[in-house]
Structure formats: C-alpha cells, structure tokens
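Survey of secondary and tertiary structure
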Amino acid sequence: MDILSNMYLGNMLQDWLIAVFILVVVFSILKIAQRVVIGKLERLAASTESQIDDLIVSMLKQTKFLILLIASAYVASSAITLKPSVAAVLQKGVILILIVQGGLWAGAGISFALGRAIQKRMDKDASSATTITFLGFVARLILWVIVLLLILDNLGVNITGLVAGLGIGGIAIALAVQNILGDLFASLSIVLDKPFVIGDFVVVDALSGTIEHIGLKTTRVRSLSGEQLIFSNNDLLKSRIRNYKRMEERRIVFGFGVVYQTPMEKLTLIKAMVGDIIKKQEHARLDRVHFKDYGDSSLNFEVVYFVATPDYNIYMDIQESINLEIFRRFQEEDIEFAYPTQTLYIQNDAKE
C-alpha cells in the first residue's frame, strides 16, 4: 500500500483515486438524473396541455456533456489540494462553461417559444409567422452577444473599451457593407410593414409569382412557369409591387364593335342586352355599358363589371360565359360584329 502514499502534483495517489472516483460517481448520477427527469417530463408533457413541462424538457436536452463533466470535476477537486493558480483557473473555467450553458438554455427557450408561436400562427397569419421568425433571430443574436461579453469580462477584457471600439469599427464596416445592410433593413421593413407575406401572388415589374421565402437578404418567388425568382430585398421594395392575394374584387373592362349598318333600335337594345347578360352571372356585378365612340370601321361599346373574387380562373369562366352569351344573343337579333374593313371608291374622270 506504499504506492498509494506516493506524491503526484502535491497530492497522494490515494487522493487522486478518490477524486477520480468522486468524478465518475457524480458524473454518472448527473447523467442518470438528466435522463430520468427528461423521460418523466416527456411522459408528463404528452398527457398535459401545459407548455411549461415541454419548455423544461427542451432546455434540459440542451445540457451538454461538457457542463456535466466540468461540474463533476469541480466537486471532485475538493478531495485534493490544488495550487491557488490551478484552482483559480478551474474556477474561471467553471464560470465560463456555466455562462455558455446558460446561453444554450436561454437559446433553447427562445427556440421553443418561437416554434410554438409559428405553429399557432402559420395557418392563420403567415405574416405574423414571418415577423416571429425574424424577431427570434434578433433575440438569439442579442443573447449570444451578451454571452460573449460576459465571457470576455470574466477573462479580464475591458468591455467598455471594446464596446467603444466596436462602435467605431461598426461604422466603418457599415460603410463597407452598406448594400448588405440595406437588404437587412429592407427585410426588417418587409417584416414589420408586411407589403406581402408568404403565399401572396405578386407582380414585380414584368415578373410575377408566389412568395415562397422572405430571407434576411433576398426574397424568393415561384413563378407561374415553375422557376424560382430571387429578388434582393432592397431592390424589391424600390419596385412597384402589385399584390393580387389582397385583391377583394377584380375590375374588368372589355369592348366590342358592331357594324355601321346596325339600326338605331338595335344599338339601344345592345346596352340593355349586355347589361342583362352580366347581371345573370354569379359573382359578377355590373358597373356600366356604354356606346363609347365611332371607330374607323365599327361602332364601339365599352363594358365594365366587377368579379367579387380575386380568383383568376373564376374571372375567366365568367368572361367566357359572357362572351358566348353575347355571341348567341347577337345571332338571334341579327346584329353583326365589326371587323376592320375599308371601302374603296373609284371615280372615272376619263372623257370620251
């Protein structure tokens, strides 16, 4: 047993073995306790509607192997005598690991709350889900900035000078990456002002499609032909955007012409006839029918009506039904549609 009395780094081998034993026992207890608590809370969470137990489970799952090992080593260190410098380093390491672990627990809490909020709002309001996602990103960013500052403070770094330096450096960086920052602020504007949200059908200049993703720098749009269009957020907000998803009703203007040989009573009949056809259409609301003007080869009528739904297919079905019925009624009333024609008059001035 003399070997147990041998000294190593200021402690007998016996003390080192006791410390290792304590480390293993404490680590095993902490690991088993973590699994048991998580298992019981998961079963409890499955049987209750409360979200607190789900939150605790989510946070406990973020308890890392390293924090359990460091905590066990700190407890085991009480069985041996450490040099003040070594003890100070160990204590400093424990504090730093606790700060990081606290950041992981807080991050898990933010992610849990974010996921729940998105799940509740996605079906009802996609714009709210987009806002929550962005605010969650900002919250996590602030969290880890605070964690970093706490770590640097515990390492003896002058945070006041660092923050001031970061402020000056931030201005320089902002000038260098102003285009990127412009897209970031544009993303924030999209999130808060909500000119469009995921699922909206928009037209941007000559391009159109459905909003698929709103990112920090770009917005992705799926076009009708299938390809994905990617817009810079800053450029997108500078464009004129037509959001058809928010259309409450569609205003339709169309015209047609009849020949100049159409009798006066038929011209009067056309206005009432077309108005009656539109009034009989479901989802359609007549605005006006007018004999508009005299064309080069036709008497021109203009019709305006509203479709009480933004659905394009429904609008086309209504317009097709109107066109077919106008064509049928014109045949019954012997009214002729006009088409471009020219009449050529030839005068013979030859003398015999």
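Up top is the structure.
This write-up is about the structure you can find in this document.

So, how was this worked out
Residues numbered from 1 in each chain as written. Predicted model: local features only at pLDDT ≥ 70, side-chain atom pairs only at ≥ 80, totals over all residues. Heavy atoms only, no water. Helix = DSSP H or I, 4+ residues; strand = E, 2+ residues; numbered from the N terminus. Buried < 20%, exposed > 50% of the residue type's maximum accessible area, 1.4 Å probe, protein only. Contact = heavy atoms within 4.5 Å. Areas by Shrake-Rupley, 256 points an atom, 1.4 Å probe, with all protein chains shown as cover. Salt bridge = Lys/Arg side-chain N within 4 Å of Asp/Glu carboxyl O. Pairing = 2+ DSSP bridges. Axes fitted to C-alpha atoms, helices over the stretch in contact; angles between N-to-C directions. Polar contact = N/O pair within 3.5 Å; in protein donor to acceptor, adjacent residues only side chain to side chain. Expected span 1.5 Å × (residues − 1). Core = buried A, V, L, I, M, F, W, Y, C linked by side-chain atoms within 4.5 Å. Phe/Tyr/Trp six-rings, centres within 6.5 Å; stacked < 30°, edge-to-face > 60°. Arc of directions from axis to C-beta. Left-handed = near helix turned anticlockwise from the far one by under 90°. Nonpolar A, V, L, I, M, F, W, Y, C, P; charged D, E, K, R; others polar.

1. What about the overall build of the protein?
- In terms of helices and strands, the protein carries ten helices and ten strands.
- Counting all 352 residues of the protein, 31% fall into the buried class.
- Intrachain contacts of the protein at a sequence separation of at least 6 include 62% that bridge at least 24 residues.
- For the protein, the computed accessible surface area is about 22800 Å², with 61% contributed by carbon and sulfur atoms.

2. A look at the pattern of salt bridges
- In this structure the tally under the stated criterion is nine salt bridges.
- Across the pair arginine 222 and glutamate 212 runs a salt bridge, and its minimum N-O distance is 2.9 Å. In this pair, arginine 222 sits in strand 5 (residues 218-222) while glutamate 212 sits in strand 4 (residues 207-214), placing the two residues ten residues apart along the sequence.
- When its relative accessible area of 33% is taken as the criterion, arginine 222 is described as partly exposed.

3. Observations concerning the sheet that holds strand 10 (residues 299-307)
- A sheet is described by the order of its strands in space; here three strands give the open sequence 8-10-9, paired in antiparallel fashion. The open sheet is flanked by strand 8 (250-258) and strand 9 (284-294), the only strands paired with a single partner. Taken over all neighbouring pairs, the strand axes of this sheet differ in orientation by 20° on average, direction set aside.
- Across nine bridges, the pairing between strand 9 and strand 10 is antiparallel. Residue pairing in the sheet places aspartate 293 in a bridge with asparagine 300 of strand 10.
- Contacting strand 8, strand 9 and strand 10, helix 9 (residues 264-279) runs over the sheet at an angle of about 155° to strand 9.

4. Notes on the side chain of threonine 63
- Within the fold, threonine 63 resides in the loop between helix 2 (52-60) and helix 3 (65-76).
- In terms of polar contacts, threonine 63 uses its side chain to reach the side chain of tryptophan 105, at 3.1 Å.
- Apart from the residues within four sequence positions on either side, threonine 63 is in contact with Gln34, Leu68, Gln101 and Trp105.

5. Details of helix 9
- With 16 residues, helix 9 extends 24 Å between its outermost C-alpha atoms, agreeing within 8% with the 22 Å of an ideal straight helix rising 1.5 Å per residue.
- Buried residues of helix 9: Lys266, Leu267, Ile270, Met273, Val274, Gly275, Ile277 and Ile278, and no others.
- Elements that come into contact with the buried residues of helix 9 comprise strand 8, strand 9, strand 10 and helix 10 (312-332).

6. Here we look at the nonpolar core
- Counting 23 residues, the largest nonpolar core has Phe256, Val258, Ile270, Val274, Tyr305, Ile322 and Phe330 as its most contacted members.
- If one sorts the elements of this core by residue count, helix 9 sits on top with six residues.
- Non-local contacts of valine 258, meaning those with residues more than four positions away in its chain, are made with Leu267, Ile270, Ser298, Leu299, Phe301, Phe330, Ile335, Glu336, Phe337 and Ala338.

7. A short note on the packing of aromatic side chains
- Tallying each qualifying case throughout the model produces twelve aromatic pairs.
- With centroids separated by 5.3 Å and ring planes inclined at 70°, the aromatic side chains of phenylalanine 291 and tyrosine 294 adopt a geometry described as edge-to-face.
- Residue classification places phenylalanine 291 among the partly exposed positions, given a relative accessible area of 33%.
- Note on tyrosine 294: relative accessible area 62%, which makes it exposed.

8. Examining the sheet that holds strand 6 (residues 228-232)
- What the five strands build is an open sheet, ordered 6-5-4-3-7; its pairing is antiparallel. Both edges of this open sheet fall to strand 6 and strand 7 (241-243), since each of them pairs with a single strand only. Averaged over all neighbouring strand pairs, the angle between strand axes comes to 40°, with direction disregarded.
- In the sheet, strand 3 (residues 201-204) pairs with strand 4 via four bridges, with the strands oriented antiparallel. The residue of strand 4 that forms the bridge with valine 204 is leucine 207.

9. Brief notes about helix 2
- For helix 2, the full list of buried residues reads Asp53, Asp54 and Val57. Angularly, the buried residues of helix 2 cover 105° about the axis, an arc narrow enough to put them on a single face.

10. Let's talk about the environment of tryptophan 144
- On the secondary structure map, tryptophan 144 appears in helix 5 (residues 126-154).
- Once the C-alpha coordinates of tryptophan 144 and valine 100 are considered, the two residues, 44 residues apart in sequence, prove to be 8.9 Å apart.
- Filtering out sequence-adjacent residues up to four positions away, tryptophan 144 remains in contact with Val100, Gly103 and Leu104.

11. Description of the packing of helix 9 against helix 10
- Between helix 9 and helix 10, the least distance of the axes is 10 Å, while the angle of their chain directions is 140°. Seen from above, helix 9 lies across helix 10 with right-handed handedness. Touching Ile270, Met273, Val274, Asp276, Ile277 and Ile278 of helix 9 are Ile322, Glu325, Ile326, Arg329 and Phe330, all from helix 10.
- In the contact of helix 9 with helix 10, the residues fall into eight nonpolar, no polar and three charged.

12. What to know about unusual backbone geometry
- Of note, histidine 283 is a non-glycine position whose phi angle comes to about 70°, a positive value.
- Considering the arrangement of structural elements, one finds histidine 283 in the loop between helix 9 and strand 9.
- The phi dihedral of aspartate 334 falls on the positive side, at around 55°, and the residue is not glycine.
- Counting through the fold element by element, aspartate 334 comes out in the segment after helix 10.

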